[in-house]
Structures are given as structure tokens and as C-alpha cells.
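So the chains spell out like this:
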Amino acid sequence: MSSRDRDGADRYSRQKRFAGLGPAGHDRIRQGRAVLVGCGALGSSIANALVRAGVGRLTLIDDDLLETSNLQRQTLFDERQARAQMPKVEAARERLAQINRDVDLRAIEARVTPETMSDLVGRPDVVLDGTDRFLPRYLINDYCVREAIPWIHGGCAACQGQVMPVLPGVTPCLRCIFPEIPGEEDALNADTLGILGPIAHLVASLQAIEALKILSGRRELVRAVLHAVDPWASRLATISLSGPEPQCPCCGQRRFDFLEPEEAR
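Residues numbered from 1 in each chain as written. Predicted model: local features only at pLDDT ≥ 70, side-chain atom pairs only at ≥ 80, totals over all residues. Heavy atoms only, no water.

## Some details on the sheet that holds strand S6 (residues 160–166)
The 8 strands lie next to each other as S3-S2-S1-S4-S5-S6-S7-S8, forming an open sheet whose pairing is mixed. Each edge of the open sheet is held by one strand with a lone partner, namely strand S3 (104–109) and strand S8 (235–240). Geometrically, the sheet is characterised by an average inter-axis angle of 15° between neighbouring strands, direction not taken into account. Where S6 lies against strand S7 (residues 225–230), 3 bridges are found, and the strand directions are antiparallel. Bridging across to S7, Gly161 finds its partner in Val229. Strands strand S1 (33–37), strand S4 (126–129) and strand S5 (151–157) of the sheet are contacted by helix H7 (residues 134–147), whose axis makes an angle of about 170° with S5. (Pairing = 2+ DSSP bridges. Helix = DSSP H or I, 4+ residues; strand = E, 2+ residues; numbered from the N terminus. Axes fitted to C-alpha atoms, helices over the stretch in contact; angles between N-to-C directions. Contact = heavy atoms within 4.5 Å.)

## Here's the deal with the packing of aromatic side chains
Within this structure, the stated rule accounts for 2 aromatic pairs. Ring centres of Phe134 and Tyr138 lie 6.2 Å apart, and the angle between their planes is 55°; on these two criteria the pair is classed as tilted. Of the two residues, Phe134 and Tyr138 both sit in helix H7, 4 residues apart, roughly one turn of that helix. Each member of the pair, Phe134 together with Tyr138, is buried. Ring geometry for Tyr138 and Phe258: centres 5.1 Å apart, planes at 55°, overall tilted. Taken together, the residues span a long stretch of sequence, with Tyr138 in helix H7 and Phe258 in the segment after S8 at a distance of 120 residues. In this structure, Tyr138 and Phe258 share a single accessibility class: buried. It is Arg137 that lies over the ring of Phe134; its NZ or CZ is 5.0 Å from the centre. (Phe/Tyr/Trp six-rings, centres within 6.5 Å; stacked < 30°, edge-to-face > 60°. Buried < 20%, exposed > 50% of the residue type's maximum accessible area, 1.4 Å probe, protein only. Lys NZ or Arg CZ within 6 Å of the ring centre and 35° of its normal.)

## A short note on the pairing of S8
A small share of S8 lies buried, amounting to 0 of its 6 residues. Sheet topology note: the S7/S8 ladder contains 6 bridges and is antiparallel. Each bridged residue has a counterpart across the sheet, and for Leu226 the counterpart in S8 is Ile239. The turn joining S7 and S8, which pair antiparallel and follow one another in sequence, is formed by 4 residues; a positive phi near 60° is taken by Ser234.

## A look at the nonpolar core
In terms of nonpolar packing, the biggest core is built from 45 residues, with Leu50, Leu58, Leu60, Leu96, Val126 and Leu128 touching the most fellow members. Listed by contribution, the elements that provide at least two residues to this core are S1, helix H3 (41–53), strand S2 (57–62), helix H5 (88–99), S3, S4, S5 and helix H10 (197–215). Considering every element that reaches this core, the biggest residue donor is H10, with 9 residues. Dropping the residues within four chain positions of it, Val126 is found in contact with Arg33, Ala34, Val35, Ile149, Pro150, Trp151, Ile152, Ala211, Ile214 and Leu215. One finds Leu120, Val127, Cys176 and Leu259 within the second-largest nonpolar core, a separate group that totals 29 residues. (Core = buried A, V, L, I, M, F, W, Y, C linked by side-chain atoms within 4.5 Å.)

Structure (C-alpha cells):
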């Protein structure tokens, strides 16, 4: 795939000049495969960043339809698409194809479940969390730990957000830090708390940067950290974490509870 536009300009010239990547890192990104679960506020911003960076293949998974209230924070979409109530994955693919035609875009209108996870996600280089609920996050965590696939957790509501990269066997997994799904009163939930659009873009940008480290072959730069941000209150923190927790139900005890059918849990 050529990186040059019709006028001969190299669209990735500034990316290649970044010392952390260079041409070799950029070439790895161009061969990389990412899967994004969720195409809402986080997912649409992550997809935009990765497609502009030139990721080789991006698979989008979501079963939701667009509505006008999404446009306040989901900047990839427009009024025409919202009025038509397009599936988010199709609307995203339409816009992303106009941004970078060289990226292999795959849109899957579906919901991840224990039964569908393997077929939908497969074995990419990285999985990104663009969801807004904890159950699919724990499902992603179980699957990625079991299959040794790096993944990037992100969540936001109001003007707060968090990001945590997971390298199975190297950094803590989601259940090391949150062994059980938080209750509704403890969870970041935009439905009840509302949300300011820029917090989604901030969290998505942090997730995309962690993914680019992995895709470019710089896994050694991925730290065991939890980024916690609340820019409305001028609080930005990076919390250092230890390694995988030996007593973790998932990566310590190798129990993948959320990959079991719900009736079997």
C-alpha cells in the first residue's frame, strides 16, 4: 500500500519524523491489525485516530444505531447519518473510508457475547475498548488474557475518564484491579452522569497512543499504569500498578468466568 497521495505527497511524513516511531515503526503500524469493540464516543474517536495513523486493518464491532443525541460527542458522524439512524459501524466505515482509502476497514454490526467473541474478534495485534458498559469489558478482558492479546481499556462519563493498557502476563488485567463488576453507583455512566464531549476525545487519544505503541512494536513502552483524568477539576494522574495479581480470578487463577454462557456462571 502506497503512503503517497495523488499529488505525490507522503501523508505520513510527520508521523515518520517522530523519533518514537520512525519509518520502521510506521511500517509496522501499516501492517498492524486492530479490533475496536464499540463505535460510540470513545470508539469513533479511536477509529478516527488509528485510520489517520494508517493502521493496516481495523475491524469495527457494534450493534447500536445512530441518534441525534450522539452528535454532541461522537464527532466522526454527521446529521444526515443520525437522521437516517444508520448503524454506527456502517456510518463509521463510510466516513473513515473517505479519510484513508488504504486502510482495510471491516464493519460488523453485532454484539460481543461469550458465544461470538472468538469469531468476531479473532487474533488481532490489539483490541480496544470503545464500550460504555462493564460487562463487555470483562468479556474482552477474559478473552484477551486467555488468548494473550494486548488490549486497551477506557471509560468516561461526566468529565472523568480512565485508561489502562493490558499486556497479558506482563501488566495487571482488568480483574486484578476490579475483581468484580462495579455496582451502578460506582461505575462511570454517561446515561446518569451526563458527559462533556472533550473527555471522550481525551480518553480515546490516550487509548490510541497506547495502541500505537503496541502496533509499532514498542511494547516495552507500555507500562503497568492506570491513567485517571478529571480535567474539569484540573486533575490528571497516572497511577503506577504492580504486575499481575497471583490471586486474580482471570490472569492468576486462569478462570475465564465471563466467557462462560450467562446461565453457567
